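Single-letter residue listing:
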2 protein chains.
Amino acid sequence: MQNDRIRLKSLLGKVMTPEEAALFIKDGMTVGMSGFTRAGEAKAVPLALAERAAHEEFKITLMTGASLGNDLDKILTHSGVLARRLPFQSDPVLRRAINSGEVMFIDQHLSETVELLRSRQLGPVNIAVLEAVAITPEGGIIPTTSIGNSATFGILAEKVIIEINLTQPLALEGIHDVYIPTRRPFREPIPVVAPESRVGLPFIPIDPAKIIAIVVTKKLDSASTILPPDSETRQIAGHLIEFLSHEVKRGRLSLQLQPLQAGIGTIANAVLHGLIESPFHGLKMYSEVLQDSVFELFDAGKLDFASCSSITVSETKYREVVPDIDKYKSRLILRPQEISNHPEVIRRLGLICLNTALECDIYGNINSTHVNGTHMMNGIGGSGDFARNASYAVFVTKSLAKNGNISSVVPMVTHVDHNEHDVDLMVTEVGLADLRGLAPRERARTIIENCTHPIYRDGLRDYFKRALKRGGHTPHLLEEAFSWHDAFHKRGTMKDACAEHRVTPPAPNLEKRSL
Amino acid sequence: MQNDRIRLKSLLGKVMTPEEAALFIKDGMTVGMSGFTRAGEAKAVPLALAERAAHEEFKITLMTGASLGNDLDKILTHSGVLARRLPFQSDPVLRRAINSGEVMFIDQHLSETVELLRSRQLGPVNIAVLEAVAITPEGGIIPTTSIGNSATFGILAEKVIIEINLTQPLALEGIHDVYIPTRRPFREPIPVVAPESRVGLPFIPIDPAKIIAIVVTKKLDSASTILPPDSETRQIAGHLIEFLSHEVKRGRLSLQLQPLQAGIGTIANAVLHGLIESPFHGLKMYSEVLQDSVFELFDAGKLDFASCSSITVSETKYREVVPDIDKYKSRLILRPQEISNHPEVIRRLGLICLNTALECDIYGNINSTHVNGTHMMNGIGGSGDFARNASYAVFVTKSLAKNGNISSVVPMVTHVDHNEHDVDLMVTEVGLADLRGLAPRERARTIIENCTHPIYRDGLRDYFKRALKRGGHTPHLLEEAFSWHDAFHKRGTMKDACAEHRVTPPAPNLEKRSL
């Protein structure tokens, strides 16, 4: 094993137990760990760290690529080790700790964390803990099923701990493309001009002298938890395919479309899955996470190439894909999330971007993160990187939640992650709203008529109609804007919110305020 | 004159009156006009168009770079010609028409309009009307004091009308750098790697056969309306200079800082003015508009280079600078706004970006556009292009407005143009909040203690304290979030809003909603 996996012989003496390695992590440190959407996270050292916390009090700042698998965020939260966490998470236990104020969570655009570290506006990173397939003879680190922020963590960290994971096949070697932007003020353009552009190294180049510990593990990545397509997600896919076909007819797109991005989650996965039965072919992806549907698109002969920062698939798909990765390798690149999510590259390639809304409002502002405007769900992730710079920024959601007691389209969202400037298309199972080139009043009519569930449509029409009487570029009744949320929280349903307000209060004395 | 200014002789026959040229513009057309922040707009043809509307009914969609000078937006609104207007404006009469729903206004990130035109998601542009210093022997159009969207309007339009403005000196020739991104999917990196990078042509290359009319005018650009620095804007500048000095001490910046951007307006101009007395030198700007302070920084020997899309200065400064532009020419570049505001270039250069907030909330979300969440002021302009991609995203505002009856820091902004992810520093005359690496609860404490006016501070502390009891990553009392706005509109002041709510209502039954 060790000859294959630790090819720089001078490092063989650094092999130790996870418990020994975890001892390097001290109270108050900032630790950068590998891991992006439950793939490729360091597994043994964080577990050992959590165990150590049973008999020793210490706190760390934990940075990763995105969410961790193997319940690590839960275990670390329970152990009380986390003082601060960034830039993304999706664990219910950590979520509760964030919402109660026990853990300070910094919710960042996924492309930005390493920019802040590099310019020393965040950090320094004391220790990086990185999962690897192997270490090259030069001391280069070959990542596993994700890169995330691992490259910059490794390069900037004072000390590095490597977890060699024997369950991650050596065949992953060569799939990674590690490009690090040059230093300002001498920064050059990022040379990625297509999803298939290879512009970097197949490993993370670090000084081997910084490697203080190597741990050998056999823990598997966690399986993705997304649900299979259902009738509503199929309808969403259908609306989008119809729209894209129309764009082809208008000569705006070819049947190859433009490179696709899809956020993590059930709905985005289902929409991609829907492309199997579409007229499009020769597709390419430039995305952050590859889910099951991507491999189905490969197998269906629809997809030519996929660039991403991680591979997060179901247990079945994992067993099928990862051991047999050679089959896909020439059509896959894993990049640092800074590059997969880089505004420069996203804008250049002209992506079609699909991301999920938690709720949207009649003007097309999107809440992706905060339940009731206050309680964090997961985080903004890459949705801002992609939607802002997309050629087509598409947001998808089912029109109802909680057995119909919540309308996903509300008068005003309680938290804005993406404002109307960054939302081109809104799609629910009811239909699609094409918002391009529309003013807010036109956006409202389009969203209400095309995307809202019939049981809430009259209520939204009524709100909008009464708001229009007050005037404004973006008409609202501020005192009533959150009344649907209020109704849900008081009575468990938004259904009666629409009926509550029928008399328009007099227009306020709206004085102009000079800038 | 005409030999100097119209160097392609075959075009001499196209010279006509503005009234004749305006006749080419028909009902229902989309017209792209030059003009960016009151500089370099086409002047004679839009005036003639407005006059024609006195005896003929027609409507157009008008696209420009940004706002127009010479009261053109007002005159065109009065004449009833505007059906649709994008991507920015700052005229009180047009603003009223937008807020009453007479004119549909599409408020866009200034870098995006031409992307949408080029991909045919907007448009087509039927006629472009461009102010020019001269037409080259090849038919190239040399713009005047702004480029804005003129290059792409000219290249994509079916027909082009040129206004040769004799008051714009021939010395402007050579100051422009017209680079147009290559076509997707073959788009290359934009080769700008420093503010001083020259990467394009000194004129707009169009097919001379498309030029259907040339009009000769002598109308001046309008003077900028910004106010001189006052004691509060000087305090804001002082806080920012202190912060930047601290960053230099920490080794994060050198005394040359990083290239600067400043949004249009009195406060941003005053902050730049303050740099004259700062320890920084060898500065560069990569901005959209150059205001008076930029030339003062040049004259003070502080500024080495400035790149922009327009020059918008006061009457005094205009008389000083424009006829004598040769003095500054080697240190100035005017670019298309797509390039001055391009996410790719902004991120690459690592800009320090100063933009103005209309209001901000305790978590650092920014409202730049909507009074009371409903009534459009001017538009988002370039603030989103810059803040999202900045190395340092700074928002400035005075802590009070309307003689102290409005607090610029409120519990929750009524409209979000920039959310907390994109705001690194908030500065008022009271002080500076450094929000980098902070979670929302920490951001709130920092903003309340450092930026709010003492007369509103207790009220915000009280709101935050009571919101904390409800919990959440971003604690709020939704039913009270807009109560300060409500108080202002009902009683003309926010001062009593703080006292209204002292008893915390019970926490709502906050059920989790799954994504």
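Residues numbered from 1 in each chain as written. Chains lettered and ligands numbered in written order. Predicted model: local features only at pLDDT ≥ 70, side-chain atom pairs only at ≥ 80, totals over all residues. Heavy atoms only, no water.

**Some points on the overall build of chain A**
Each helix and strand in chain A was counted, giving 19 helices and 26 strands. Taking 24 Å as the expected radius of gyration for a compact globule of 515 residues, we find that chain A reaches 24 Å, a close match to that expectation. Along the first, second and third principal axes, the C-alpha atoms of chain A reach 80 × 55 × 45 Å. Of the contacts made within chain A by residues no fewer than 6 positions apart, 73% connect residues no fewer than 24 positions apart. Accessible surface, chain A as shown: approximately 16300 Å² in total, 53% of it carbon and sulfur. Positive and negative charge centroids in chain A, built from 57 and 60 side chains respectively, lie 3 Å apart. (Helix = DSSP H or I, 4+ residues; strand = E, 2+ residues; numbered from the N terminus. Rg over C-alpha atoms; globule rule 2.2 N^0.38 Å. Contact = heavy atoms within 4.5 Å. Areas by Shrake-Rupley, 256 points an atom, 1.4 Å probe, with all protein chains shown as cover. Lys, Arg positive; Asp, Glu negative; His and termini not counted. Charge placed at Lys NZ, Arg CZ, Asp CG, Glu CD.)

**Focus: the interface of chain B and chain A**
At the interface, 94 residues of chain B touch 93 residues of chain A. Summed over both sides, the interface of chain B with chain A buries roughly 8500 Å², with 52% coming from carbon and sulfur. Applying the counting rule to chain B against chain A returns six salt bridges. Where chain B meets chain A, there are 46 residue pairs in polar contact (both at pLDDT 80 or more). When contributions to the side of chain B that touches chain A are tallied by element, the ones reaching two or more residues are α5 (92–99), β4 (104–105), α14 (343–349), β19 (370–371), β20 (375–376), α15 (383–389), α16 (440–451) and α18 (483–491) of chain B. With five residues, the single largest contributor to the side of chain B that touches chain A is α14 of chain B. For the side of chain B that touches chain A, the class distribution of residues is 31 nonpolar, 35 polar and 28 charged. (Buried area = accessible area lost by both parts, 1.4 Å probe. Salt bridge = Lys/Arg side-chain N within 4 Å of Asp/Glu carboxyl O. Polar contact = N/O pair within 3.5 Å; in protein donor to acceptor, adjacent residues only side chain to side chain. Nonpolar A, V, L, I, M, F, W, Y, C, P; charged D, E, K, R; others polar.)

**Here we look at the pattern of salt bridges**
For the coordinates displayed, the defined rule picks out 69 salt bridges over all chains. With a closest N to O distance of 2.9 Å, R52 of chain A and E56 of chain A form a salt bridge. On the basis of relative accessible area, R52 of chain A is assigned to the buried category, the value being 7%. Residue classification places E56 of chain A among the partly exposed residues on the basis of a relative accessible area of 34%. Where D422 of chain A meets R388 of chain A, a salt bridge forms, and the shortest distance between an N and an O atom there is 2.8 Å. Remark: R388 of chain A occurs in helix α15 (residues 383–389) and D422 of chain A occurs in the loop between β24 (409–410) and β25 (425–427); sequence separation between them is 34 residues. Take R388 of chain A: its relative accessible area is 6%, and that puts it in the buried class. Three or more residues joined by partner-sharing salt bridges are found here, namely E115, R118, R184, R187 and E338 of chain A together with R347 of chain B. (Buried < 20%, exposed > 50% of the residue type's maximum accessible area, 1.4 Å probe, protein only.)

**A short note on the pairing of strand β21 (residues 392–396) of chain A**
Side-chain positions along a regular strand alternate between the two faces of the sheet. Residue and element names in this part refer to chain A. Counted residue by residue, β21 has five buried out of five residues, so it is predominantly covered. Both faces of β21 are covered, namely the face carrying Y392, V394 and V396 and the face carrying A393 and F395. The pairing of strand β16 (residues 352–356) with β21 spans five bridges and is parallel. Residue pairing across strands places N355 opposite F395, the latter belonging to β21. Of the strand pairs in this sheet, β21 and β25 are connected by three bridges, and their pairing is parallel. Following the sheet pairing, F395 is matched in β25 by M426. (Pairing = 2+ DSSP bridges.)

**Some points on helix α10 (residues 292–299) of chain A**
For an α-helix, the turn length of 3.6 residues means that residues three or four places apart are oriented alike. All names here are of chain A. Most of α10 is tucked away, with six of its eight residues classed as buried. Among all positions of α10, only D292, S293, V294, F295, L297 and F298 are buried. Two residues or fewer after α10 comes G301, characterised by a positive phi angle close to 75°.

**Description of the sheet that holds β24 of chain A**
Residue and element names in this part refer to chain A. Taking strand neighbours across the sheet as the criterion, the three strands line up as β18-β17-β24 in an open arrangement whose pairing is mixed. The outermost strands of the open sheet, each flanked by one partner alone, are β18 (366–367) and β24. Strand direction decides the pairing type here: strand β17 (residues 359–361) and β18, joined by two bridges, are antiparallel. By the bridge assignment, C360 is partnered in β18 with I366.

**Here we look at the packing of aromatic side chains**
In this structure the tally under the stated criterion is 13 aromatic pairs over all chains. Here F243 of chain B and Y392 of chain B contribute two aromatic rings whose centre-to-centre distance is 6.1 Å and whose plane-to-plane angle is 75°, an arrangement assigned as edge-to-face. With F243 of chain B in helix α8 (residues 231–249) and Y392 of chain B in strand β21 (residues 392–396), the pair connects residues that are 149 residues apart, well separated along the chain. Of the two residues examined, F243 of chain B and Y392 of chain B, each falls in the buried class. The interplanar angle of 55° and the centroid separation of 6.2 Å between the aromatic rings of F295 of chain B and F298 of chain B together place this pair among those described as tilted. Taken together, the residues F295 of chain B and F298 of chain B, both in helix α10 (residues 292–299) and three residues apart, mark about one turn of the helix. Three or more aromatic residues link up through ring pairs in this structure, and these residues are F295, F298 and Y328 of chain A. Above the face of the F58 of chain A ring, R52 of chain A is positioned so that its terminal group lies 4.3 Å from the ring centre. (Phe/Tyr/Trp six-rings, centres within 6.5 Å; stacked < 30°, edge-to-face > 60°. Lys NZ or Arg CZ within 6 Å of the ring centre and 35° of its normal.)

**Points about the packing of helix α3 (residues 44–52) of chain A against helix α4 (residues 72–79) of chain A**
All names here are of chain A. Where α3 contacts α4, the axes come no closer than 8 Å and their chain directions differ by 20°. Of the possible angle classes, the one that applies to α3 and α4 is roughly parallel. You can see that α3 and α4 cross each other, and the crossing is left-handed. Each of P46, L47, L49 and A50 in α3 lies in contact with α4, whose residues at this interface are L72, I75, L76 and S79. Residues belonging to the contact of α3 with α4 are distributed by class as follows: seven nonpolar, one polar and no charged. (Axes fitted to C-alpha atoms, helices over the stretch in contact; angles between N-to-C directions. Parallel < 35°, antiparallel > 145°, perpendicular 65-115°, else oblique. Left-handed = near helix turned anticlockwise from the far one by under 90°.)

**Thoughts on the sheet that holds strand β17 (residues 359–361) of chain B**
Residues and elements named next belong to chain B. Read from one edge of the open sheet, three strands run β18-β17-β24, paired in mixed fashion. Both outer strands of the open sheet, β18 (366–367) and β24 (409–410), are each paired with one neighbouring strand and no more. Pairing analysis gives two bridges linking β17 to β24, with the strands arranged parallel. Residue D361 lies in a different strand from β24, and its bridge partner there is V410.

**Some thoughts on the relation of the copies chain B and chain A**
Note on the identical chains: chain B maps onto chain A by a rotation of 180° and an axial translation of 0.0 Å, with an RMSD of 0.0 Å. Viewed as a symmetry operation, the transformation between the two copies matches a two-fold axis. For chain B, the smallest separation between a C-alpha atom and the rotation axis is recorded for E344 of chain B, amounting to 2.0 Å. Of all interface residues in chain B, 99% are interface residues in chain A too; the two copies therefore contact each other through one and the same surface. (Least-squares fit on C-alpha atoms with pLDDT ≥ 70 in both.)

**Re the confidence of the model for chain A**
Residues and elements named next belong to chain A. Averaged over every residue, the pLDDT of chain A is 95; the share at 70 or more is 97%. Ignoring residues within four places in sequence, the model shows residues 502–515, a span with pLDDT below 50, making 36 contacts including any to other chains. With a pTM of 0.96, the predicted complex shows an ipTM of 0.95. (pLDDT = per-residue confidence, 0-100.)

**Considering the nonpolar core**
Core analysis: the biggest nonpolar cluster contains 100 residues, and I362 and M426 of chain A together with I362 and M426 of chain B have the highest contact counts within it. Excluding its chain neighbours within four sequence positions, the residues that come into contact with I362 of chain A are V409, V410, P411, R443, A444, I447, I448, L460, Y463 and F464 of chain A. (Core = buried A, V, L, I, M, F, W, Y, C linked by side-chain atoms within 4.5 Å.)

**Some details on the packing of α4 of chain A against helix α5 (residues 92–99) of chain A**
Residue and element names in this part refer to chain A. One way to put it is that α4 packs onto α5 with a least axis distance of 7 Å and a crossing angle of 45°. By the angle class used here, α4 and α5 are oblique. Counting all contacts with α4, which are made through D73, K74, T77 and H78, the residues of α5 involved are V93, L94 and A97. Of the residues assigned to the contact of α4 with α5, the class counts are three nonpolar, two polar and two charged.

**Regarding unusual backbone geometry**
A cis geometry characterises the amide bond from G123 of chain A onward to P124 of chain A, with omega recorded as 5°. Of note, P124 of chain A is situated in the loop between α6 (113–118) and β5 (127–132). Even without glycine at this site, K402 of chain A takes up a positive phi of about 50°. Inspection of the secondary structure puts K402 of chain A in the loop between β22 (400–401) and β23 (406–407). For R120 of chain B, which is not glycine, the phi dihedral falls at a positive 60°. Along the chain, the position of R120 of chain B falls in the loop between α6 (113–118) and β5 (127–132).

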